[in-house]
Amino acid sequence: MITDTTRQWHHLPEAELIELLETSPEKGLDSSEVGRRSEQFGLNRITKKTGTGPLLLFLLQFHQPLVYVLLGSAVITSFLQEWVDAGVIYGVVLVNAVIGFIQESRAVKAIEALSQALTISATVVRDGERRMIPAAELVPGDIILLQSGDKVPADLRLLSVRELQINESALTGESLPVPKETTPLPVETLLSDRINMAYSSTLVTGGIATGVVIATGDRTEIGRINEMIAAADILATPLTKKIARFSSLLLYTILALAAVTFVVGMLHGESWLAMFMAAVALAVGAIPEGLPAAVTITLAIGVARMAKRNVIIRKLPAVETLGSTTVICSDKTGTLTQNQMTVQEVYAGGVLFHLSGSGYAPEGGFTREGVEIHPEQNRALIDCLTAGLFCNDSIVKLDNDEWLVEGDPTEGALVVAARKAGLNREQTASESPRMDAIPFESQHQYMATLHREGDRLVVYLKGSAESLLPRCSFALSDADGVIPLSKDDFHRQAAQMAEKGLRVLAFARRDVTGHSGALQHDDVAGGLTFLGLQGMIDPPRPGAAAAVRVCQAAGIKVKMITGDHAITAAAIARQIGLQGETDGAGNLVALTGRDIEALSEGELKDAVQSTALFARVAPEQKLRLVEALQIAGHVVAMTGDGVNDAPALRKANIGVAMGTAGTEVAKEAADMLLIDDNFSSIEAAVEEGRGVFDNLVKFIIWTLPTNLGEGLVILAAVIAGVQLPITPVQILWINMTTAVLLGLMLAFEPKEPGLMNRPPLDPRKPLLTAELITRIILVGFMLLVGAFGLFEWQLGQGRSVEAARTCAVNIFVFGEIFYLFNCRSLRHSMFRIGLFSNRWVLGGVGLMVLLQLLFTYLPVMNSAFGSRPIGFKEWVVIVGASSIVYSVIECEKLIRRRRET
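Analysis parameters
Residues numbered from 1 in each chain as written. Predicted model: local features only at pLDDT ≥ 70, side-chain atom pairs only at ≥ 80, totals over all residues. Heavy atoms only, no water. Helix = DSSP H or I, 4+ residues; strand = E, 2+ residues; numbered from the N terminus. Buried < 20%, exposed > 50% of the residue type's maximum accessible area, 1.4 Å probe, protein only. Contact = heavy atoms within 4.5 Å. Areas by Shrake-Rupley, 256 points an atom, 1.4 Å probe, with all protein chains shown as cover. Axes fitted to C-alpha atoms, helices over the stretch in contact; angles between N-to-C directions. Left-handed = near helix turned anticlockwise from the far one by under 90°. Nonpolar A, V, L, I, M, F, W, Y, C, P; charged D, E, K, R; others polar. Polar contact = N/O pair within 3.5 Å; in protein donor to acceptor, adjacent residues only side chain to side chain. Pairing = 2+ DSSP bridges. Parallel < 35°, antiparallel > 145°, perpendicular 65-115°, else oblique. Salt bridge = Lys/Arg side-chain N within 4 Å of Asp/Glu carboxyl O. Patch = residues over 30% accessible without salt bridge, like charges linked within 9 Å, V, L, I, M, F, W, Y side chains within 5 Å. Right-handed = clockwise from strand over helix to strand, strands pointing away. Expected span 1.5 Å × (residues − 1). Phe/Tyr/Trp six-rings, centres within 6.5 Å; stacked < 30°, edge-to-face > 60°. pLDDT = per-residue confidence, 0-100.

What follows concerns the overall build of the protein chain. Summing up its helical and strand segments, the protein chain has 33 helices and 28 strands in all. Here the protein chain holds 901 residues, and the buried ones make up 56% of them. In the protein chain, the share of contacts with a sequence separation of at least 24, taken over all contacts with a separation of at least 6, comes to 72%. Accessible surface, the protein chain: about 36400 Å² in total, of which carbon and sulfur atoms supply 57%.

Structure below.
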């Protein structure tokens, strides 16, 4: 029985392969052997990994340092039978936990999608009979039969093929179907070049084949990708890491200040109960309870904005990560390009013609040396395009206002090029019906069709220039008709087209006489007339170049990582203006999968910094590239649409999958989806992400001075040996109501001008800069002076403690209202960005004022929060003192702006 499933199967001769697998190409395995191997290798399925359950996910919402402090305060307060205070604290913690639970993205389902990818049937030979069985029952050594339309059920080594082509784009990134053969290959052959292998979950687009199963389930290439997905760590986002560091620092600070408050009060002879409540008040005041909810809701608003720009966010933190992105690693096919092959050049009659238009829409024209021409006036051009139309089995049709190709995309491009010249397939088919054909075969490298044109038979050929030119003796010229062939001229032109990244096809024809109507290879062995060359490429998307330019101007490095060939990738990179290391001729330096394989981790870290183009890259190498960039300190966004992209999508700081062309595996591994599969949407998402990050920072800068001021008021009262100006329950009222009605309104702030002209945020830079810390301290001390001063003034006027505390609470609330207008822009005045550009702020302020009137005058609120009615004179002092905050901060911003200029 076989035990080794890790051999280099592509390298082995067929006889040795069959011997090692102990099978028979004619009879397959017998039933008893199948049973033994099923026990040894198990079912042909991807192993599912269990994720975090909903209960644990909910409990994890409480696993935060600041929440521990609040819970501890609530428990002790409950023992002291301060039920109102304890109830409010519990309520705040529970609300934050529920919001956080809802915020968490559903468990990653990439592995489930992989498992579903294998729920297919397979045609197998067992006991000498052909059978159809579930693919899950396959074992190594089974003989499999493939035909067009089949999904490959396991990893196979091909034993025989006939015109077999397999679409491996989901696994390797190769944009075109791969012709297969059975010849053994060198050991070092890369996965994408193993043309004698068929891999699980790839799609047979043409031909038939027989293969032997060499790996099933987790041992297949797709199984290896599954393991990489499971092993890839999900990194915390830049903001969450900064908030975690900030929370830890804040926790220690709060505990230290609470301890100081307790000790100082005891030294002053106060009761331990009063001092404990003071310490709780300080802790509750200093903790920004509204921060988790504010972060979640701000991100959710960003999600809604992005949806309008063709971006669906699956995981909320991805919104903020976009704003911090320093590198975008983009796939080529379908993201930067249209995934629609397009003929761009035709060389016929010794003349090079250029075609306009892109994609499968038959819209565009022909130019010669920049001058528009009429194709019908150029006989050689028409004949070359006609050959492309005749040697063709694909159909281009309009479906729901979208032009689609049924068949090979290369052939679809030839049909579209002919239609641009006015050639109609239906008309040409009736005038020159096809009599016979020789399908494309990899060993011959051409396709031939036989047509009846009047009373004569004509054979047309399509294939590589290397296969057609040796068969040709003549060429077609517009001026002189058929002339002797100059092979060097066509070889040179084909090479020039290939250097531009074009896929070049050659065309020829020959009149045949006395023919039986059955086309043979001998009929096209020689004496043909060479008609010309057509060069095609999957062109860049219309907005890709502009989007890349905007990202690069914003300091974001754009890198192309593709499974396609280096020459093709380099051509697209030039057209979209990709910037990176260049050679002596000014061309972008490309690292191939083989180059990456030879580099150590340190060498790769250095190489990824300067290199912008990576070609023929295998799945594990994409993962290495992402890891190398992250080690270098970058915040990485990775795009992809195939199974092969899933591990890198999971590992990247933000994974971006294609919503239309993407595989389910890629979508489930990603943080966000592009509805239109367009790179331009990534640039739009980055812009929205930066706007969201700005608004989050504005909220944090707005809320922290309140927490600081509240903590300082409690500390000052204990040190001074006076009553607390505000109680714990009043502090919670201030924090939660203002966070919702005032702070959250900053989430609706429009993006400030010049957002994409700024460099990316340095992930190593702290959340709060020295400038912002200074502003927080300044506002915090102003709130301290205003609240403590007004509280003592009220007591001095003979007012009750409750009325004095009501004035202190209102100082905090109205101080926050005025400071809110400062925070609408951290640098400019609110009049510069527009007083009414965010009407949500005005609505929130109105509701907050109404709530404070209820807090002050409604009896039930007086009972719940210990507040009392106050007079008009007190309101004048409160509003006047609060407005000082706005004036001082605007002066501070003005001074900073003048220093910068």
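For the rest of this paragraph, the subject is the packing of helix 29 (residues 801–823) against helix 33 (residues 872–900). Relative orientation of the contacting elements helix 29 and helix 33 amounts to 35 degrees, with a least axis distance of 8 Å. The element helix 29 and its partner helix 33 pack so that their crossing is right-handed. Residues Cys807, Asn810, Ile811, Phe814, Gly815, Phe818, Tyr819, Phe821 and Asn822 of helix 29 form the contact with helix 33, whose participating residues are Glu874, Trp875, Ile878, Val879, Ala881, Ser882, Ser883, Val885, Tyr886, Ile889, Glu890 and Lys893. Within the contact of helix 29 with helix 33, the residues separate by chemical class into 13 nonpolar, five polar and three charged.

Glancing now at the environment of Arg624. For Arg624, the position within the fold is in helix 23 (residues 619–631). Taking relative accessible area as the criterion, Arg624 reaches 17% and is therefore assigned buried. The sequence separation of Arg624 and Leu604 amounts to 20 residues, and the corresponding C-alpha distance is 8.5 Å. Once residues within four sequence positions are removed from consideration, Arg624 is found in contact with Ile596, Glu597, Leu599, Ser600, Glu601 and Leu604. Among the polar contacts listed, one links the side chain of Arg624 to the side chain of Glu601, at a separation of 3.3 Å.

As summarised here, the arrangement of the eight strands in space is 8-28-27-26-9-23-25-24, forming an open sheet in which the pairing is mixed. Among the strands making up the open sheet, the edge pair consists of strand 8 (311–313) and strand 24 (590–592). Taking the axes of each pair of neighbouring strands and ignoring which way they run, one obtains an average angle of 20 degrees across the sheet. The pairing of strand 24 with strand 25 (residues 613–615) spans three bridges and is classified as parallel. Note that in strand 25 the partner of Ala590 across the bridge is Leu613. Across the sheet, helix 22 (residues 601–610) touches strand 23 (557–561), strand 24 and strand 25, and the angle it forms with strand 23 is around 110 degrees. Along the sheet, helix 23 contacts strand 9 (327–330), strand 23, strand 25 and strand 26 (636–640); its crossing angle with strand 26, the most-contacted strand, is approximately 165 degrees.

Attention shifts here to the packing of helix 28 (residues 770–796) against helix 29. At their nearest, the axes of helix 28 and helix 29 sit 8 Å apart, and the two run at 155 degrees to each other. The pairing of helix 28 with helix 29 is recorded here as roughly antiparallel in orientation. For the pair helix 28 and helix 29, the crossing hand works out as right-handed. In this structure, helix 28 uses Arg775, Val779, Leu783, Gly786, Ala787, Leu790, Phe791, Gln794 and Leu795 to contact helix 29, whose residues at the interface are Val801, Ala804, Arg805, Cys807, Ala808, Ile811, Phe812, Gly815 and Tyr819. Tallied by class, residues from the contact of helix 28 with helix 29 come to 13 nonpolar, three polar and two charged.

This model, assessed by the stated rule, comprises 30 salt bridges. A salt bridge links Arg824 to Glu749; its shortest N-O distance comes to 2.6 Å. Of the two residues, Arg824 sits in the loop between helix 29 and helix 30 (830–833) while Glu749 sits in the loop between helix 27 (728–741) and helix 28, which places them 75 residues apart along the sequence. Glu749 carries the same exposure label as Arg824, and that label is buried.

What follows covers a nonpolar patch on the surface. Together, Leu847, Leu850, Leu854, Leu858 and Val860 make up an exposed nonpolar region whose accessible area comes to about 420 Å². On the accessibility criterion, Val860 (56% relative accessible area) is exposed.

Before going further, it helps to examine the pairing of strand 26. Side-chain positions along a regular strand alternate between the two faces of the sheet. Counting buried residues in strand 26 gives five out of five residues, a clear majority hidden from the surface. Residues of strand 26 alternate between two faces, with Val636, Met638 and Gly640 on one and Ala637 and Thr639 on the opposite face, all of them buried. When strand 9 meets strand 26, the two strands line up parallel, connected through three bridges. Across the sheet, the residue bridging to Ile328 is Ala637, located in strand 26. The handedness of the strand 26 to strand 27 (residues 654–658) crossover, carried by helix 24 (residues 646–651), is right-handed.

Turning next to helix 33. Look at helix 33: 43 Å from first C-alpha to last across 29 residues, which is about the 42 Å you get at 1.5 Å a residue. Residues of helix 33 that are buried include every one of Glu874, Trp875, Ile878, Ser882, Val885, Tyr886, Ile889, Glu890, Glu892, Lys893 and Arg897, and no others.

Moving on: helix 27. Here helix 27 is 14 residues long and its end C-alpha atoms lie 20 Å apart, about the 20 Å a rise of 1.5 Å per residue gives. Summarising burial for helix 27: 13 of the 14 residues are buried, a large majority.

Before going further, it helps to examine unusual backbone geometry. Phi is positive for Ser201, close to 75 degrees, though the residue is something other than glycine. Counting through the fold element by element, Ser201 comes out in the loop between strand 6 (197–198) and strand 7 (203–215). Notably, Asn310 is not glycine yet its phi reads approximately 70 degrees, a positive angle. On the secondary structure map, Asn310 appears in the loop between helix 11 (291–307) and strand 8.

Applying the stated criterion to the full structure yields nine aromatic pairs. Measuring from ring centre to ring centre gives 5.0 Å for Phe390 and Tyr460, while their planes differ by 70 degrees; the resulting arrangement is edge-to-face. Note that Phe390 is positioned in helix 14 (residues 379–390) and Tyr460 in strand 18 (residues 456–463), a separation of 70 residues in sequence. Judged by its relative accessible area of 4%, Tyr460 falls in the buried class. Connected via pairs of aromatic rings, a cluster forms that spans Tyr347, Phe490 and Phe530.

Before going further, it helps to spend a moment on the environment of Leu176. Relative to the elements of secondary structure, Leu176 occurs in the loop between helix 7 (169–172) and strand 5 (178–179). Considering only alpha carbons, one finds Leu176 and Asn339, 163 residues apart in sequence, at a separation of 9.7 Å. Apart from the residues lying within four places of it in its own chain, the contact partners of Leu176 are Met341, Pro409, Thr410 and Arg503.

The next thing to look at is the side chain of Ser829. Within the fold, Ser829 resides in the loop between helix 29 and helix 30. Among the polar contacts made by the side chain of Ser829, one reaches the main-chain amide nitrogen of Phe831 at a distance of 3.1 Å. Setting aside residues no more than four positions away along its own chain, Ser829 makes contact with Tyr886, Glu890, Lys893 and Arg897.

Put simply, the protein chain has an average pLDDT of 83, and 88% of its residues get 70 or more. When the criterion is pLDDT under 50, residues 103–119 qualifies, and its contacts beyond four places in sequence or with other chains add up to 44 contacts.

Tracing the sequence through the fold places Ile734 in helix 27. With 76 residues separating them in the primary sequence, Ile734 and Asn810 have C-alpha atoms 8.9 Å apart. If near-sequence neighbours (up to four positions away) are discounted, Ile734 is found in contact with Thr706, Glu710, Ala739, Val809, Phe812, Val813 and Glu816.

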